[in-house]
Amino acid sequence: MYLLKPAFYASVFILLSGCCMLGPCDGVFDVTGSVTNSTASPCLLSVRYEGSGEAISERKVAGSFKESFVVQPSNDGHRIELTCGGELVLSKLIYYGKDVGIGEEVALGEVAL
């Protein structure tokens, strides 16, 4: 009976942390940039899985911005898009875990409209 307790706790630990042991876990990264001369303020910053039409998350941005996003790893990558006045003005494909890691930053730079 005494030997079963350590084995039980070890198996529970492995089951609960299994996703992290098999590959990168969900993580957060920041997207930074600035929008200048925007007549259609604010703009919409979104992140979605590449190949998916639906955004994981969206934020309204204007001027200089720094926004945090939480994503799951994806072999197809993630698409960061900036839409102003209904028009797509910037699109960038990134691979979480390769191009950017937990707590790191994706710099979009300055977007002049």
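Just so it is clear, the structure is predicted and the values come from calculations on it, not from any experiment.

Participant: How do you make sense of the nonpolar core when you look at a structure like this?
Facilitator: Burial of nonpolar side chains together is a common tendency in soluble globular proteins. With 20 residues, the main nonpolar core has Phe 29, Val 31, Leu 45, Ile 80, Leu 82 and Leu 108 as its most contacted residues. Sorting the residues of this core by element identifies β1 (27-36), β2 (43-49), β4 (63-71), β5 (78-84), β6 (87-94) and β7 (105-112) as the ones contributing at least two each. The residues contacting Ile 80, other than those within four sequence positions of it, are Phe 29, Val 31, Leu 45, Ser 46, Val 47, Leu 90, Ser 91, Lys 92, Ile 94, Val 106 and Leu 108.

Participant: Is there a simple way to explain the pattern of salt bridges in this structure?
Facilitator: It is possible for side chains of opposite charge to pair when their charged atoms get near one another. Using the criterion set out here, one finds four salt bridges in the structure. Residue Glu 50 is joined to Arg 79 by a salt bridge in which the shortest nitrogen-to-oxygen separation is 2.9 Å. Taken together, the residues span a long stretch of sequence, with Glu 50 in the loop between β2 and β3 (55-61) and Arg 79 in strand β5 at a distance of 29 residues. For the salt bridge of Glu 67 with Arg 59, the shortest nitrogen-to-oxygen distance reads 3.7 Å. Classification of Arg 59 by relative accessible area gives partly exposed; the value is 26%.

Participant: In this structure, what is going on with the state of the cysteines? I would like to understand it.
Facilitator: In protein structure, a disulfide is the covalent linkage between the sulfur atoms of two cysteines. For the structure shown, the criterion picks out one disulfide. Disulfide pairing is shown between Cys 43 and Cys 84; the S-S distance is 2.0 Å. Where Cys 43 bonds to Cys 84 through sulfur, the torsion about that S-S bond is close to 115 degrees, and the disulfide is right-handed. Placement of Cys 43 in strand β2 and of Cys 84 in strand β5 is noted, with a sequence separation of 41 residues between them.

Conventions used here
Residues numbered from 1 in each chain as written. Predicted model: local features only at pLDDT ≥ 70, side-chain atom pairs only at ≥ 80, totals over all residues. Heavy atoms only, no water. Core = buried A, V, L, I, M, F, W, Y, C linked by side-chain atoms within 4.5 Å. Buried < 20%, exposed > 50% of the residue type's maximum accessible area, 1.4 Å probe, protein only. Helix = DSSP H or I, 4+ residues; strand = E, 2+ residues; numbered from the N terminus. Contact = heavy atoms within 4.5 Å. Salt bridge = Lys/Arg side-chain N within 4 Å of Asp/Glu carboxyl O. Disulfide = S-S within 2.5 Å.

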